[in-house]
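Inside the fold
Read off the chains here:
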Amino acid sequence: MEVDVETSLTNKQSGNSLRISTDDAASASIEDGDPLDALTEHGTAAVPPNVTDDIRPGVVSLTHGWRRSLFHPETQTIPETQGTNADFLTG
């Protein structure tokens, strides 16, 4: 299978974000892109918030399938990490 690099998700965005309602963000003094640690009874993960009217107050959403380490196989440079693994927050 051939992957179209121009349309791949990782080419369009460098990571995921925690979607949070405008009302909830305002009451917690959270703004887009602020450093944020999402905390559950199972773990903690650093993830940037995405303040939006597209989600109900009292609900947050974090897409899965992220936290990949990218490195150049020939140079063996330190990997660049993209996104937050939602599994860090689940049981």
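Computed from a prediction, not measured in an experiment: that's the story for all the values here.

Within the chain, the regular secondary structure consists of 2 helices and 7 strands. Listing every helix and strand of the chain by position from the N terminus yields α-β-α-β-β-β-β-β-β. The burial tally for the chain puts 24% of its 91 residues in the buried class. Accessible surface computed for the chain: about 6,700 Å², of which carbon and sulfur atoms make up 50%.

The next subject is the environment of Pro35. Tracing the sequence through the fold places Pro35 in the loop between α2 (22-27) and β2 (37-39). With relative accessibility at 83%, the residue Pro35 sits in the exposed group. Sequence spacing of Pro35 and Pro48 is 13 residues, and the spatial spacing of their C-alpha atoms is 5.8 Å.

The next point concerns the sheet that holds strand β5 (residues 60-62). Sheet architecture is open: 3 strands sit in the order β4-β1-β5, paired in mixed fashion. Each edge of the open sheet carries a strand with a single partner, namely β4 (49-52) and β5. Averaged over all adjacent pairs, the angle separating strand axes in this sheet is 25°, with direction ignored. Where strand β1 (residues 18-21) lies against β5, 3 bridges are found, and the strand directions are antiparallel. Paired with Arg19 across the bridge in β5 is Ser61.

By size, the foremost hydrophobic cluster in this structure holds 7 residues: Leu18, Ala38, Ala45, Val47, Leu62, Ala86 and Leu89. Residue contacts for Leu89: discarding those within four places in its chain leaves Ala38, Thr40, His42, Gly43, Thr44, Ala45 and Leu62.

This paragraph deals with the side chain of Ser21. If you trace the backbone, Ser21 turns up in strand β1. Setting aside its immediate chain neighbours within four residues, Ser21 contacts Val51, Thr52, Ile55, Arg56, Pro57 and Val59.

In this fold, Glu41 is placed in the loop between β2 and β3 (44-46). In this structure, the C-alpha to C-alpha distance between Glu41 and Gly91, residues 50 residues apart in sequence, is 8.3 Å. Among the polar contacts listed, one links the side chain of Glu41 to the side chain of His42, at a separation of 3.3 Å.

The predicted model of the chain averages 77 in pLDDT, with 64% of residues at 70 or higher. When pLDDT is averaged over each helix and strand of the chain, the minimum, 53, is found for helix α1 (residues 9-12) and the maximum, 96, for α2.

Further remarks concern the side chain of Thr52. Residue position: Thr52 is located in strand β4. A polar atom in the side chain of Thr52 sits 3.0 Å from the backbone nitrogen of Asp54. When near neighbours in sequence (up to four residues on either side) are disregarded, Thr52 contacts Arg19, Ile20, Ser21 and Thr22.

About the criteria used
- Residue numbers here run from 1 along each chain, matching the order of that chain's written sequence.
- Where local features are concerned, this predicted model is filtered to residues with pLDDT of at least 70; where side-chain atom pairs are given and counted, the filter is 80 or more; whole-chain, interface and lining totals use all residues.
- Note that water and hydrogens are dropped before the side-chain values are worked out from all heavy atoms of the structure.
- Put simply, DSSP marks the helices as runs of H or I at least four residues long and the strands as runs of E at least two long, and each gets a number from the N terminus on.
- Relative accessibility under 20% of the residue-type maximum defines a buried residue, over 50% an exposed one, and the middle range a partly exposed one, all with a 1.4 Å probe and only protein chains included.
- All accessible areas in this document rest on Shrake-Rupley with a 1.4 Å probe, and a residue is counted as covered only by the protein chains that are shown.
- Any two strands are treated as partners once DSSP identifies two or more bridges connecting them.
- Between the N-to-C directions of two axes lies an angle of 0 to 180 degrees, each axis being a line fitted to C-alpha atoms and, for a helix, fitted only over the stretch in contact.
- Nonpolar core, defined: a set of buried Ala, Val, Leu, Ile, Met, Phe, Trp, Tyr and Cys residues in which side-chain atoms within 4.5 Å join the residues together.
- In this analysis, two residues are considered to be in contact whenever any of their non-hydrogen atoms come within 4.5 Å of each other.
- Two N or O atoms count as a polar contact when they lie within 3.5 Å, although within protein this holds only if one can serve as hydrogen donor and the other as acceptor, and sequence-adjacent residues are included solely when both atoms are side-chain atoms.
- Here pLDDT means the predictor's own confidence in every residue, given as a number from 0 to 100.

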